[in-house]
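Notes for the structure review
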Amino acid sequence: MENQISIIVPTYNEAENICDIIKSIKSNLSEVNAEIIVVDDDSPDGTGTIVDEYIQSTIQNDRHSVSIIHRKNRNGLSAAILNGVENSKGEVVVVMDSDFSHPPDVIPKMLDKIEKTQCDVVIASRYVQGGGIEGWPVKRKLISKAATEIAKKGLGVKANDPMSGFFAFKKNLIKNISFDAIGYKMLLELLVKTADVNIQEIPYTFTDRKFGTSKLGSSTILDYCKSVWKLYRYGKEAAKKERRLSVKFLSKAARFFTVGASGLGVNYLASILFSTSLDLWYIHSTIIGILFAITSNFFLHKYWTFGDRDFSLKRTVLQYTKFAGFSSISGLVQIGMVYYFVNEFNLLYPVSLVLAVGTAAFSNFIVNKKWTFNEKVWG
Ligand code: GDD
Ligand code: MN
């Protein structure tokens, strides 16, 4: 189905709620292709069977499909949600509770937001202007607030309601993340492990459930502390790694430019040598000088700049060809840029030269790093 979205609804003992919530989701998404995936952890109250019967007895229409994942063991809400996500087909995934605390009429607004802003994550938020909580005792409100502050200050999360259980995201966002999935906080883990994502929040009012009871117990607080600790360590590690990568990148760039500068010397010396000692025509000497410089640059880059010690013939020739090719293109780019700067922008020649040499050398570095020596650009 084209442009399908997936709605993940975890359940544990939601016999009174589950059919109504499915119907309500469907009626709020009459214009949208959606699959609803219920993830049930073998609820003792028979929620799983109720959903099986619902699926058998309803005629599935073109827009909506309902399926259920039966899990044998109960090992946390995050784990259940992830299981649903792994089995989803949509590019956009919505996660929500099954007990009507998360009003289904907010879903279309979330989808709208993703479409209009092209953001990666939409959080239905209790803690932005216009949002709120109804029916919770003061104690629970306080715990929720405290947990939220810890996440914002301690983990540097840039959302007002990182504890929300009601959110939507683009699935490709999480393809490189490995989740620990401890406890309840799938969204928090997602936010910590995806730096620099575009997050949007829309207000909603959380209303406490009418049927059944909350599954959040005292162990939830312990789980939360564990996961905050893990995520904190994760953040520290990631920052360290990032620093190491930038040091690597800069030192390689420095070596690349040093070798480049040495090439000028080789170029000059070789040209002079050939024209004086062998008495060659000066144009020929210049060409030989350039070839010498390209060759010495290549071997220095291979051995020193990028630390590549594999000198097998085929590999080396291929790399040499690519390097010579990219360097020539970079030379042409440089000429083009100088011309453009001087003629179109009326810049002084020395200024134009600096800009053009800088840009050409830098792009030459990147291109060779990536395609000649097959490294990642960053690092
Ligand atoms: N499959 C599965 N396994 N589902 C579970 C489990 C589990 O172990 N535990 C809870 N659920 C389901 C419930 O059936 C419900 O649909 C949803 O997850 C939320 O559980 P509730 O027990 O209703 O949680 P809550 O209302 O106290 O907490 C809500 O607010 C928190 C924010 O303070 C939830 O929305 C949380 O996700 C949210 O973080
Ligand atoms: Mn609830």
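This one's a predicted model, so the numbers in the text were calculated from it and none came from an experiment. (Residues numbered from 1 in each chain as written. Chains lettered and ligands numbered in written order. Predicted model: local features only at pLDDT ≥ 70, side-chain atom pairs only at ≥ 80, totals over all residues. Heavy atoms only, no water.)

Let's shift gears to the pairing of strand E3 (residues 64-70). One ladder, built from seven bridges, connects strand E2 (residues 34-40) with E3; its direction is parallel. Note on E3: the bridge partner recorded for Ala 34 is His 64. On the question of chirality, the crossover connecting E2 to the parallel E3 by way of helix H2 (residues 47-57) is right-handed. (Pairing = 2+ DSSP bridges. Helix = DSSP H or I, 4+ residues; strand = E, 2+ residues; numbered from the N terminus. Right-handed = clockwise from strand over helix to strand, strands pointing away.)

Attention now goes to unusual backbone geometry. Within the chain, Asn 13 stands out as a residue other than glycine whose phi angle is a positive 55 degrees. Positionally, Asn 13 belongs in the loop between strand E1 (5-11) and helix H1 (18-28). Overall, Asn 13 belongs to the partly exposed group, its relative accessible area being 24%. Look at Asn 346: it is not a glycine, yet its phi comes out positive at around 50 degrees. Positionally, Asn 346 belongs in the loop between helix H9 (313-344) and helix H10 (349-372). (Buried < 20%, exposed > 50% of the residue type's maximum accessible area, 1.4 Å probe, protein only.)

So, on to a nonpolar patch on the surface. A contiguous nonpolar surface patch, about 530 Å² in accessible area, is contributed by Trp 281, Tyr 282, Ile 283, Ile 287 and Leu 291. One can find Ile 283 in helix H8 (residues 282-305). By relative accessible area, which is 32% here, Ile 283 ends up partly exposed. (Patch = residues over 30% accessible without salt bridge, like charges linked within 9 Å, V, L, I, M, F, W, Y side chains within 5 Å. Areas by Shrake-Rupley, 256 points an atom, 1.4 Å probe, with all protein chains shown as cover. Salt bridge = Lys/Arg side-chain N within 4 Å of Asp/Glu carboxyl O.)

So, about the domain arrangement of the chain. Entries for the chain in the domain assignment read domain 1 (5-216) and domain 2 (241-372). Once you take the C-alpha centre of each, domain 1 and domain 2 turn out to be 54 Å apart. (Domains from an automatic or database assignment.)

So, about the sheet that holds strand E8 (residues 199-203). An order of E3-E2-E1-E4-E7-E5-E8 is seen for the seven strands of this open sheet, with the pairing classed as mixed. A single partner strand is all that each edge strand has here, and the edge strands are E3 and E8. Geometrically, the sheet is characterised by an average inter-axis angle of 20 degrees between neighbouring strands, direction not taken into account. As paired strands, E1 and strand E4 (residues 92-95) are joined by four bridges and run parallel to one another. By the bridge assignment for E4, Ile 7 is matched with Val 94. (Axes fitted to C-alpha atoms, helices over the stretch in contact; angles between N-to-C directions.)

On the surface, Lys 236, Lys 241, Arg 243, Arg 244 and Lys 248 cluster together to form a positively charged patch. As for its placement among the helices and strands, Lys 248 is situated in helix H7 (residues 218-277). For Lys 248, a relative accessible area of 48% gives the class partly exposed. (Lys, Arg positive; Asp, Glu negative; His and termini not counted. Charge placed at Lys NZ, Arg CZ, Asp CG, Glu CD.)

So, about the packing of H8 against H9. How two helices sit against one another is set out by the angle between their axes and by the gap between those axes. One can describe the packing of H8 onto H9 by two numbers: an axis separation of 10 Å at closest approach and a directional angle of 120 degrees. What the angle tells us is that H8 and H9 run oblique. Between H8 and H9 lies a crossing whose hand is right-handed. Counting all contacts with H8, which are made through Leu 291, Ile 294, Thr 295, Asn 297, Phe 298, Phe 299, His 301 and Lys 302, the residues of H9 involved are Arg 315, Thr 316, Gln 319, Tyr 320, Phe 323 and Ala 324. Residue composition of the contact of H8 with H9, grouped by class: seven nonpolar, five polar and two charged. (Parallel < 35°, antiparallel > 145°, perpendicular 65-115°, else oblique. Left-handed = near helix turned anticlockwise from the far one by under 90°. Contact = heavy atoms within 4.5 Å. Nonpolar A, V, L, I, M, F, W, Y, C, P; charged D, E, K, R; others polar.)

In the vicinity of ligand 1, 25 residues are found, and the nearest of them are Glu 14, Asp 97, Arg 209, Ser 214 and Lys 215. With respect to ligand 1, the side chain of Ser 98 contributes an N or O atom lying 2.8 Å from an oxygen atom. In this structure, Ser 214 approaches ligand 1 through a side-chain N or O atom, which is 2.6 Å from an oxygen atom. Contact with the protein chains covers 97% of the free accessible surface of ligand 1, which is 740 Å². (Near = heavy atom within 4 Å. Polar contact = N/O pair within 3.5 Å; in protein donor to acceptor, adjacent residues only side chain to side chain.)

Using the criterion set out here, one finds 23 aromatic pairs in the structure. Ring centres of Phe 298 and Tyr 320 lie 5.2 Å apart, and the angle between their planes is 85 degrees; on these two criteria the pair is classed as edge-to-face. With Phe 298 in helix H8 and Tyr 320 in helix H9, the pair connects residues that are 22 residues apart, well separated along the chain. Note on Phe 298: relative accessible area 0%, which makes it buried. The class of Tyr 320 is partly exposed, set by a relative accessible area of 25%. On the numbers, 5.6 Å between centres and 85 degrees between planes, the contact of Tyr 340 with Phe 345 is edge-to-face. Take Tyr 340: its relative accessible area is 45%, and that puts it in the partly exposed class. (Phe/Tyr/Trp six-rings, centres within 6.5 Å; stacked < 30°, edge-to-face > 60°.)

According to the stated counting rule, one finds 18 salt bridges in the structure shown. In this structure, Lys 240 and Glu 237 form a salt bridge, with 3.4 Å as the shortest nitrogen-oxygen distance. Separated by three residues within a single helix, Lys 240 and Glu 237 lie in helix H7, roughly one turn from each other. For the salt bridge of Asp 308 with Arg 315, the shortest nitrogen-to-oxygen distance reads 3.0 Å. Relative accessible area serves as the criterion here: at 10%, Asp 308 is assigned to the buried category. Each of Glu 14, Asp 99, Arg 209 and Lys 215 takes part in one network of salt bridges that share partners.

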